[in-house]
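# Analysis of the macromolecular model
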Amino acid sequence: MTRMVRIDDFPHGDLALFNSGHMMDYQERVEMGLRVFEEYKVHYILGVSPGLLQIGDLDFLEKLVRHGKVVLHGYDHGWSRDWSRITESWAGGGEFEGQTIEAIRTRYNAAHGILRNLSCYDPTHYIPPFNAYNQNFLDVMQHTEVKYIHGCDKERYSYNLDILDHHGRIPLTSQYHKTYDFASEVIHNLDNLSQITLHWIYDSQRPSYEEDYRALAKALTE
Ligand SMILES: [Zn+2]
């Protein structure tokens, strides 16, 4: 089994970019990258926000994801908030900012329920949107199957996430601009063994998208 790669944002994660174009072709864009990872049998997790799924998306995932796993990436990726000011929510927990434990639990249960019949669903990983979370989120995770909580060192240290009680959940932390970057940059840092994180929504903006994923998949499986 190859080293695991984390890929965020299905069906999408950036409301402005989705509305300005990706709404039309997000499935094709995702498929272009993941098909390469499937071909090379790369071990990956794809973060899905179930509250944003469109008709046909579950079937799409069931057919496409074989060597990877689908994992939770929030409920609606904060899209019900004022997107123009979304960064202001990050320090307080991003999607979970200002929510009660009951509200977070209700949305977790709804999200888990939407994905639970997918054969590629792995409930042991959770990717909080924006790598941002808070104590109420962790208190809900305590009573779920989630074992690994994915993040990035930039947010982990900026928002002091280490002082929170993780209830034994294991943080997996990517390094910003090392293992957390465009695929074409991450490939130069494979000796850094922290969690690799990719964002297809930004990688797919580049003409070299497919080649970049192929080069990375090759390097990971050599
Ligand atoms: Zn995201």
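Residues numbered from 1 in each chain as written. Predicted model: local features only at pLDDT ≥ 70, side-chain atom pairs only at ≥ 80, totals over all residues.

For the protein, the helix and strand inventory stands at nine helices and seven strands. In terms of overall dimensions, the protein has a C-alpha envelope of 45 × 40 × 35 Å along the principal axes. Relative to its full complement of 222 residues, the protein shows a buried share of 40%. Long-range pairs, those at least 24 residues apart, make up 70% of the contacts in the protein between residues at least 6 apart in sequence. (Helix = DSSP H or I, 4+ residues; strand = E, 2+ residues; numbered from the N terminus. Buried ≥ 20, exposed ≤ 12 C-beta atoms within 10 Å, placed from the backbone. Contact = placed C-beta atoms within 7 Å.)

Bringing the sheet that holds strand S4 (residues 121-126) into the picture now. The sheet built from seven strands is open, its strands ordered S6-S5-S4-S3-S2-S1-S7 with parallel pairing. Strands with a single pairing partner mark the edges of an open sheet, and in this sheet they are strand S6 (170-174) and strand S7 (196-199). Averaged over all pairs of adjacent strands, the angle between strand axes in this sheet comes to 35 degrees, irrespective of strand direction. Pairing analysis gives five bridges linking strand S5 (residues 148-152) to S6, with the strands arranged parallel. When the bridges of S6 are listed, Ile149 appears paired with Pro171. Seen against the sheet, helix H4 (residues 101-115) touches strand S2 (44-48), strand S3 (69-72) and S4 and runs at an angle of roughly 165 degrees to S3. (Pairing = 2+ DSSP bridges. Axes fitted to C-alpha atoms, helices over the stretch in contact; angles between N-to-C directions.)

Right, let's get into the pairing of S5. In the case of a regular strand, side chains alternate between the two sheet surfaces. With four of its five residues buried, S5 lies for the most part within the structure. Inspection of the sheet shows S4 paired to S5 by two bridges, in the parallel sense. Paired with His125 across the strands is Tyr148, a residue of S5.

Cis geometry is adopted by the peptide bond preceding Pro11, which originates at Phe10 and carries an omega value of 0 degrees. Its location among the elements puts Pro11 in the loop between strand S1 (5-10) and helix H1 (15-19). Of note, His77 is a non-glycine position whose phi angle comes to about 55 degrees, a positive value. Tracing the chain through its elements places His77 in the loop between S3 and H4. On the basis of neighbour count, His77 is assigned to the buried category, with 27 C-beta atoms found within 10 Å. Even without glycine at this site, Asn131 takes up a positive phi of about 55 degrees. Mapped onto the secondary structure, Asn131 falls in the loop between S4 and helix H5 (135-141). The exposure class assigned to Asn131 is buried, which follows from the 25 C-beta atoms found within 10 Å.

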